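# Fold and contact review
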Amino acid sequence: MRRPLVVANWKMNTNLSDAIVLATAIRDGVENISGVEVVICPPAIWLVEVSQIIHKEIGHLGLGAQNIHYMPDGSYTGEISAGMVRDVAKYVILGHSERRKNFAETNDIIARKTAVALDTGLIPIICVGEEKKSQNSVSEVVTQLKESLFGINKNELDQIIVAYEPVRAVGAEEPATPEHSARVIDQLREVLSIQTPILYGGAINAGNIYSFVQRPEIDGVLVGRDSLNAPGFIKICRIVSEYKRMV
Ligand code: PGA
């Protein structure tokens, strides 16, 4: 069975003391929630600090970065390598729509980052999603995923996580519908292994999570804004754990 997952993407939010308070509250809040893996992705500069908080350790609580460079090391001022992240964390978000849009990340760049992440022992959380809903949404997202996985061996598909994040839902008022998301995810599954967790992301909160976790196609969620609010985020984790035990 695939593991249910909830990923917190803090994006470029929190100062040091906020990060400590938030990570501590999430750690304490999910300690007794079983059956779901929770991954916190703080800004890179707080990774070490947060690792010291969560590594005291609750087995189902992990740490991830929000990006890495595709080169293993070298003269890339301001960048962070997979190896650096691997020293403190286990996961890395790749290909988030904000990076595709604001930093011109292409599928080719994401494929290179995915390769270096896997070579280094990091678990990539690869984000894909269509810009606008159209008749071609499904094929657009499938192509994006195939290209973002270019060069990856079939046996490595068990070591990645995919997040379906329709761009129009990220940071928006409303998520995509669970039905549309499940339809897309069904097709993404064809490209992946039966073991690859596939998450939904975009405008998820403690109020709308129910309709997503009820879908057997959706293995969990990637949460942006609501991961900055510890009680709401912990509630999302609890609901995912309860529902995924039933579906
Ligand atoms: P949101 O962000 O939950 O704030 O919409 C989701 C994401 O960026 O993954």
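Here's a quick rundown of the structure. Bear in mind that the values here come from a model prediction, so they are computed numbers and not experimental data.

Once that is clear, we can look at helix 2 (residues 47-54). Working note: α-helix, 3.6 residues per turn, so residues spaced by three or four point in the same direction. Residues of helix 2 that are buried include every one of Leu47, Val50, Ser51, Ile53 and Ile54, and no others. The arc enclosing the buried residues of helix 2, seen along the axis, measures out at 160 degrees, which places them on a common side. In this fold, the buried residues of helix 2 make contact with helix 1 (16-30), strand 2 (37-41) and strand 3 (61-65).

Among soluble globular proteins, nonpolar side chains are generally buried collectively. Judged by nonpolar contacts, the single largest core of 68 residues is most densely connected at Val6, Trp10, Ile68, Leu149, Leu188, Leu192 and Ile236. Every residue in contact with Leu188, bar those within four places of it in the chain, is listed here: Val128, Val141, Val142, Leu145, Val162, Tyr164 and Ile198. Leu5, Val7, Tyr91 and Leu199 belong to the second largest nonpolar core, which has 13 residues in total.

At a closest axis distance of 9 Å, the pairing of helix 1 and helix 2 adopts a crossing angle of 30 degrees. On the basis of their axis angle, the class for helix 1 and helix 2 is roughly parallel. Crossing of helix 1 over helix 2 shows right-handed handedness. Residues Leu16, Ala19, Ile20, Ala23, Thr24 and Arg27 of helix 1 form the contact with helix 2, whose participating residues are Glu49, Val50, Ile53 and Ile54. Tallied by class, the residues present in the contact of helix 1 with helix 2 amount to 7 nonpolar, 1 polar and 2 charged.

So, how was this worked out
- Residues numbered from 1 in each chain as written.
- Predicted model: local features only at pLDDT ≥ 70, side-chain atom pairs only at ≥ 80, totals over all residues.
- Heavy atoms only, no water.
- Buried < 20%, exposed > 50% of the residue type's maximum accessible area, 1.4 Å probe, protein only.
- Helix = DSSP H or I, 4+ residues; strand = E, 2+ residues; numbered from the N terminus.
- Arc of directions from axis to C-beta.
- Contact = heavy atoms within 4.5 Å.
- Core = buried A, V, L, I, M, F, W, Y, C linked by side-chain atoms within 4.5 Å.
- Axes fitted to C-alpha atoms, helices over the stretch in contact; angles between N-to-C directions.
- Parallel < 35°, antiparallel > 145°, perpendicular 65-115°, else oblique.
- Left-handed = near helix turned anticlockwise from the far one by under 90°.
- Nonpolar A, V, L, I, M, F, W, Y, C, P; charged D, E, K, R; others polar.

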